Amino acid sequence: MATKGMLREDALEGKTILITGGGTGLGRAMGEYFLELGANLVITSRKLEKLEQAAREMEEAKGGTVLPVACDVREYEQVEEVQKKAVEQFGQVDALVNNAAGNFVSPTERLSHRAFDAVVDIVLKGTYNNTLAHGKHWIQNEQQGTVLNIVTTYAWTGSGYVVPSACGKSGVLGMTRSLAVEWAKYGIRMNAIAPGPFPTEGAWQNLIPDNLADQIDPKARVPMNRYGENQELANLAAYLVSDFSAYINGEVITIDGGEWLNGAGQFNMMQYVPAEMWDMLEQMTKGNKK
Ligand code: HXC
Ligand code: NAP
């Protein structure tokens, strides 16, 4: 059964929400649900044609207004320009979702410094560029605002083979927790979501290319033995940008079916012991104490 929308229909009524990377994957899924809940959207990414098409399709499917604006999140001037356009069109931006990302798997020693920059700049610089542009505007205009950053669970565990992404996401997590405290006095909240595996074209193309897919099954790492559904993530995101979560600040919420803890717990591999072996194992462990 597909997961349903969780919040009441008017939960985001009258709010304007900007989603970076909002034309594809999880950004688009969050955006569609925000529209359903009454929000106006601004979606940004580098490819205007794709964005415009996504905006049209999203409006047709869910109603509301979607403003597509091309913007490379690595360029502060472009980010500031989007912020101005959004305010011109909608009067104000209430929430910013830093969702844009770049990533690919590679042994780190194979990376050029430009490859490292490409990922860290999208993930970390893109996030602080947007946060600064909107945060400064909110503070100057004495407006409340909320920021939701999309990180991953390896923001705190680290992970080989995606090291630039791990560096970038850790930085974003640090910024989330730092500004949650520093900017609370201005009525600005900062939270993050750490998703586990949600199959999207962008993530799968860059992280599990077809010829690896036979050998690596990301689902197998998840104790619940399934991927996340986009609506499950959209429900959490909608709650975190809504006023219902007004007292949640500086939090990072994991939505991964238990994946990262499965990797962390030393004895979790015991799940592979067949049920019928446990009588014998119990006798052995009891016997060891005598
Ligand atoms: C090694 C690579 C490479 C690869 C690019 N480079 N891809 N090096 N392996 N697979 C190198 C290039 O050779 C170049 O270095 C430098 O990186 C910059 O490459 P460009 O193609 O010019 O970069 P750019 O056009 O800015 O594109 C950025 C990108 C690309 C990150 C490389 O993949 C992209 O646009 N990604 C956006 C979508 C995305 O990645 N989505 C996935 C998010 S999923 P040289 O030295 O040759 O100049 C995600 C999930 C996390 O984050 C957790 C999952 C469970
Ligand atoms: P995606 O569809 O590839 O999303 C990435 C988006 O970022 C694209 O729309 C892309 O659009 C945009 N983008 C990339 N570089 C940009 C730049 N320089 N400026 C502006 N926009 C840029 O992948 P996704 O899976 O939905 O990922 C969304 C978020 O979830 C990311 O933060 C990712 O790290 C996180 N996440 C995903 C998973 C998962 O399993 N899918 C797991 C954990 C975390 P353009 O290429 O058109 O610019």
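Residues numbered from 1 in each chain as written. Chains lettered and ligands numbered in written order. Predicted model: local features only at pLDDT ≥ 70, side-chain atom pairs only at ≥ 80, totals over all residues. Heavy atoms only, no water.

Student: For the site of ligand 2, give the residues involved together with the corresponding values.
Tutor: Inspection of the region around ligand 2 gives 27 residues, with Thr 24, Leu 26, Arg 46, Asn 99 and Thr 200 positioned closest. Note that an oxygen atom of ligand 2 is positioned 2.6 Å from one of the side-chain N or O atoms of Thr 200. Relative to its free-state accessible area of 880 Å², ligand 2 is covered by the protein chains to the extent of 89%. Among the elements that line the shell around ligand 2, the one with the most residues is helix α7 (residues 201-207), at 3 residues. Of the residues contributing to the shell around ligand 2, the split by class is 13 nonpolar, 9 polar and 5 charged. (Near = heavy atom within 4 Å. Polar contact = N/O pair within 3.5 Å; in protein donor to acceptor, adjacent residues only side chain to side chain. Areas by Shrake-Rupley, 256 points an atom, 1.4 Å probe, with all protein chains shown as cover. Helix = DSSP H or I, 4+ residues; strand = E, 2+ residues; numbered from the N terminus. Nonpolar A, V, L, I, M, F, W, Y, C, P; charged D, E, K, R; others polar.)

Student: Run through a nonpolar patch on the surface, naming residues and quoting values.
Tutor: Among the surface-exposed residues, Phe 267, Met 269, Met 270, Tyr 272 and Trp 278 lie close enough to one another that they form a single nonpolar patch of about 590 Å² accessible area. The class for Phe 267 is exposed, based on a relative accessible area of 57%. (Patch = residues over 30% accessible without salt bridge, like charges linked within 9 Å, V, L, I, M, F, W, Y side chains within 5 Å. Salt bridge = Lys/Arg side-chain N within 4 Å of Asp/Glu carboxyl O. Buried < 20%, exposed > 50% of the residue type's maximum accessible area, 1.4 Å probe, protein only.)

Student: A description of the site of ligand 1 should follow, citing residues and the corresponding values.
Tutor: In the neighbourhood of ligand 1, 18 residues make up the surrounding shell, with Arg 46, Arg 74, Asn 103, Ser 112 and Arg 114 lying closest. Ser 112 places a polar side-chain atom, nitrogen or oxygen, 2.6 Å from an oxygen atom of ligand 1. Here an oxygen atom of ligand 1 and a side-chain polar atom of Arg 114 are 2.9 Å apart. Those elements that provide at least two residues to the shell around ligand 1 are α4 (113-140) and α7. In the shell around ligand 1, the residues fall into 9 nonpolar, 6 polar and 3 charged.

All quantities given are derived from atomic positions and should not be read as evidence of function.
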